[in-house]
Amino acid sequence: MNRRLVLALLACSLAACFGHRRAAECYSTDDCDSDEVCFLASCQRAGYAITTVYATLTPPNDSPYLPQPYPGAIDLSRGSQRLLLRAPVTMNGQVVRAGAGAISMTGLLRARGDGPLPGMEVTQQVSVDGAGFALPLVPGTPYRLTFTPDGVAGEPPIDFPPAAEPELVLGADTTQNLTYPVADTLVVVRGQVTSDEWTPVSGAQVSAIATTLDGATSMRALSTSTDVAGEYRLVFAPGAERFDITVGSGTNPLVPESTAVGLLGTPSGSGTDLTLPKITLGDITGVQALTEVRDASSLVAIANASVLFVGSVGLGRFVTTGTSLTTGAIESDSAQLPTGVLTVLPGSYTITVAPPKSQPYALTTLDAELPSADEPLVLSVRRKVRVSGRVLRHERTPLPQARITMTLRGSAVARSFATTSSEDGSYALDVDPGTTDTPASYEVVVEPDRASGQPRHRELLRVTDVGESHDIELFAPSFAYGRVVSAASQVVPGVIIAFYSEELGTPTEPLLVGLGETNELGEFAVPLPTPDGN
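On a predicted model such as this, the values are computed, not experimentally measured, just so you know.

Explain the sheet that holds strand E28 (residues 306-313) to me, please; I cannot follow it from the model alone.
Remark on secondary structure: sheet strands pair via backbone hydrogen bonds, oriented parallel or antiparallel. Strand order across the open sheet formed by five strands is E30-E29-E28-E32-E33, with antiparallel pairing between neighbours. Two strands lie at the open edges of the sheet, namely strand E30 (330-332) and strand E33 (364-370), each paired on one side alone. Neighbour-to-neighbour, the strand axes of the sheet open up by a mean angle of 30°, direction not taken into account. Bridge analysis of strand E32 (residues 347-354) against E33 gives seven bridges, and the strand direction is antiparallel. Directly across from Ser348, in E33, lies its bridge partner Glu369.

Dropping the structure here:
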C-alpha cells in the first residue's frame, strides 16, 4: 500500500472505534450520566483511562516489510513495548482450470487478511500471468483469496478457500496452485429488464449477489449491461441458487435504481443455465426540470454548485447530479443527456446543493416534487457561519500549528473544513450551519504537530445559524512508547504506528487515538489522550 495513502487515511476523521459495546455519544459531560465524563465524544466512567490499544504498523515504501496490524492487544501498563514487524512470506503458484492441465489462467489475485479486530484488515493483490503468481503475505494472518479472471465471457470471481472452509494461514514460503471451476459447472443466469410489460430497457447496469438456498454461502458475478433487447447475462460460481439483482443507470442515465430480491431461476438449456423472472421498472420517460441555484438573501445566481437529486420514482430510486451555470441554471452532469438542461424522472426528491467550499455559500438540502409546477424551481442557498476560538493544551496554554478538521455528520454530500491554529492558538473556520431547532452536527478532530508532544483530540460540536465561539481544550498526554524490531531483533526506523482503542467506539470502525513514527533507533513515543484526573 502507498505510504502517502496510508498517512492520509490515518489522518482522516473517523467516527469511532472497535468495541464490544457502543458508549453513549456526547457533546459535553452534561450528556452523560452523573458518574461519567465526556471523553473523545463518548461517555466513559469517571477515572477511565486508555490502558489497552491495538496497532497498525506501516513501514517505509522501500522497506521489505508489508503494512500489517499488530496481532494482538497491547497492554500499556507494561511500560516499554517491543513490537515485532513480521517479514513477509510468499505464496507461489498458478491458477489452473480443473481438468485443463497445468497452464495458468490470467487475471487478478487479491488477498484479504483479518486483523485482531474488525476494521483492521490488510489487503494485497498481484497480477496472474501465464507463469503464475508470487503473492507476498503477512505470516500468521488468516487470509481469503479472490481470483478474478481476465474478461472471458464474464467468468466470475472465485474465493479460495471456499467460505465454508477455514481461512488460509501461512507461516513460511509455500507453493500452492489454485483450481478454478470447469466452465460447464458455472451457473449462467439470464434475464430481461423492461419499462412496462413489453418495452425493453437497454444500457442498464445489472449487478447481483447469489446465495445457496440456505443462505450459508454467497457469491457475486461481474456486473454487466442490458443489450438492445433489455437482456443480460451473469455468471456465478457453482452452487448459486437464489439471486438478488440490482438494476441501475449504466450508459442509460434514466434508469432508476431497483433491486429484485430472492429470485429463483427456471432451468434452460444445460442444468446450470437459469432464466430469471423479468424485472419491470415502470415508466422511465425523462422530463426536463427547470431549476436554479441562488443566494437566499440577494437572489444572486450561484455558479459551480454541485447538486445531488435523490428521488422516489415509480418502482425505484432515481439518482442524478448536476452543476449550476453562471446563470444559476442547473445542467445535468451526464454526457448522455443534452447539455444545458437537467433531465429527471417525475417523483419526490431530496435535493442537496453543495457550493464550492471556497465560496461563502452553505450546503443546503430541501425536498421538492420534480418537475415543479412552479418552474423554474429556485434552490435558495444560505451563507456559511463562522466557528472560531483557540486550541489549548490541557494546562490551558495556546497550542500553535495544530490541524483542526470539522466534518459535517449525517450529510448526503461529504463536507469537511480544515485550518491550522496560529501562534496564539487561534483558529477560524467558515462552515455550513444548522438552525436553532436543528443544529448541524460536526465531528472536530485536532491533530497537533508531532513535536508538540500533545495528543490527538476528538469532540462533537453543534452549530446553529449564528456561528459559534468555541475553545478546544486537549486532554493531558500519556505515552505509549517502545521499539519496533524485526524477527532478527534489528530495529526498524521510519515505521508509522497508529494506535486504536477498542473501548471507545463501534464494533466495525476504528477511532485513531495516537499516531507516531519510529526514529533511527526504531524507538517511538506516541502521546495518547488521558481524561482529567488520570
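After that view, the rundown keeps rolling.
When you look at the state of the cysteines in this model, what are you seeing that I'm missing?
Think of a disulfide as a covalent bridge from one cysteine sulfur atom to another cysteine sulfur atom. Scanning the entire structure with this criterion turns up two disulfides. Covalent S-S linkage joins Cys26 and Cys38, the inter-sulfur distance amounting to 2.1 Å. Judged by the sign of its S-S torsion, about 95°, the bond between Cys26 and Cys38 is right-handed. In this pair, Cys26 sits in the loop between helix H1 (3-11) and strand E1 (36-39) while Cys38 sits in strand E1, placing the two residues 12 residues apart along the sequence.

Please clarify how the side chain of Glu447 should be interpreted in this entry.
Summarising the element assignment, Glu447 is placed in strand E39 (residues 440-447). At 3.3 Å, the side chain of Glu447 forms a polar contact with the side chain of Arg456.

For this particular structure, what's the right way to read the side chain of Ser334?
With respect to the helices and strands, Ser334 occurs in the loop between E30 and strand E31 (343-344). In terms of polar contacts, Ser334 uses its side chain to reach the backbone amide nitrogen of Gln336, at 3.2 Å.

Can you help me understand the confidence of the model for the chain in this one?
Note: predicted coordinates in regions of low pLDDT should not be interpreted at a detailed level. When pLDDT is averaged across the chain, the result is 91; 94% of the residues are at 70 or more. Low pLDDT (under 50) marks residues 4-21, which in the prediction has 65 contacts with non-local residues, meaning those over four places away or in another chain.

Hey, could you run me through the environment of Pro493 in this one?
Residue placement: Pro493 occurs in the loop between strand E43 (476-485) and strand E44 (496-500). In this structure, the C-alpha to C-alpha distance between Pro493 and Phe475, residues 18 residues apart in sequence, is 29 Å. Apart from the residues within four sequence positions on either side, Pro493 is in contact with Pro60, Thr518, Asn519, Glu520 and Gly522.

Quick question: what am I supposed to make of the pattern of salt bridges here?
Between side chains of opposite charge, pairing is possible as soon as their charged atoms come close. Enumeration over the complete set of coordinates arrives at 16 salt bridges. Measuring nitrogen to oxygen at the nearest pair gives 3.0 Å for the salt bridge that ties Glu155 to Arg97. Linking Glu155 in the loop between strand E12 (143-149) and strand E13 (158-160) with Arg97 in strand E8 (residues 95-97), this pair joins segments that are 58 residues apart in sequence. Measuring nitrogen to oxygen at the nearest pair gives 2.6 Å for the salt bridge that ties Arg317 to Glu257. Placement of the pair is Arg317 in strand E29 (residues 316-324) and Glu257 in the loop between strand E21 (242-249) and strand E22 (258-264), with a sequence separation of 60 residues. Residue Arg317 is classed as partly exposed on the basis of its relative accessible area, which comes to 40%. Given a relative accessible area of 37%, Glu257 falls into the partly exposed group. By sharing partners, the salt bridges in this structure join Arg112, Asp114 and Glu121 into a single network.

What is the right way to read the environment of Thr420 from this model?
Along the polypeptide, Thr420 turns up in strand E37 (residues 416-420). Considered as a pair, Thr420 and Ser348 are 72 residues apart in the sequence and their alpha carbons are 42 Å apart. Those residues in contact with Thr420 that lie beyond four places of it in its chain are Gln401, Ala402, Arg403, Ile404 and Ser426.

Would you explain the sheet that holds strand E9 (residues 107-113) in this entry?
Strand order in the open sheet made by the four strands is E10-E9-E12-E13, with antiparallel pairing throughout. Edge positions in the open sheet fall to strand E10 (122-128) and E13, since each of these has one partner strand only. Strand after strand, the sheet turns through a mean of 20° between neighbouring axes, direction not considered. Pairing of E9 with E12 involves seven bridges; the strand directions are antiparallel. The residue of E12 that forms the bridge with Gly113 is Tyr143.

Before we go on, may I ask you to explain the pairing of E21 in this structure?
Note on strand geometry: in a regular strand, side chains alternate between the two faces of the sheet. Pairing between strand E17 (residues 204-211) and E21: eight bridges, direction antiparallel. Its bridge partner being in E21, Ile209 is matched across the sheet by Asp244. Relative to E22, E21 runs antiparallel, the two sharing five bridges. For Ile245, the partnering residue across the bridge sits in E22 and is Ala260.

Got a minute to help me understand the packing of aromatic side chains in this structure?
Geometry of an aromatic ring pair is reported as the spacing of the ring centres plus the angle between the planes. Inspection of every chain in the model, using the stated rule, returns five aromatic pairs. Centre to centre, the rings of Phe39 and Tyr48 are 5.8 Å apart; their planes meet at 55°, and the pair counts as tilted. By relative accessible area, Phe39 is classed as buried at 0%. Each residue in the set Phe39, Tyr48 and Phe475 is aromatic and connected to the rest through ring pairs, giving one cluster. The ring of Phe417 carries Lys357 above its face, with NZ or CZ at 5.8 Å from the centroid.

About the thresholds
- Residues numbered from 1 in each chain as written.
- Predicted model: local features only at pLDDT ≥ 70, side-chain atom pairs only at ≥ 80, totals over all residues.
- Heavy atoms only, no water.
- Pairing = 2+ DSSP bridges.
- Helix = DSSP H or I, 4+ residues; strand = E, 2+ residues; numbered from the N terminus.
- Axes fitted to C-alpha atoms, helices over the stretch in contact; angles between N-to-C directions.
- Disulfide = S-S within 2.5 Å.
- Polar contact = N/O pair within 3.5 Å; in protein donor to acceptor, adjacent residues only side chain to side chain.
- pLDDT = per-residue confidence, 0-100.
- Contact = heavy atoms within 4.5 Å.
- Salt bridge = Lys/Arg side-chain N within 4 Å of Asp/Glu carboxyl O.
- Buried < 20%, exposed > 50% of the residue type's maximum accessible area, 1.4 Å probe, protein only.
- Phe/Tyr/Trp six-rings, centres within 6.5 Å; stacked < 30°, edge-to-face > 60°.
- Lys NZ or Arg CZ within 6 Å of the ring centre and 35° of its normal.

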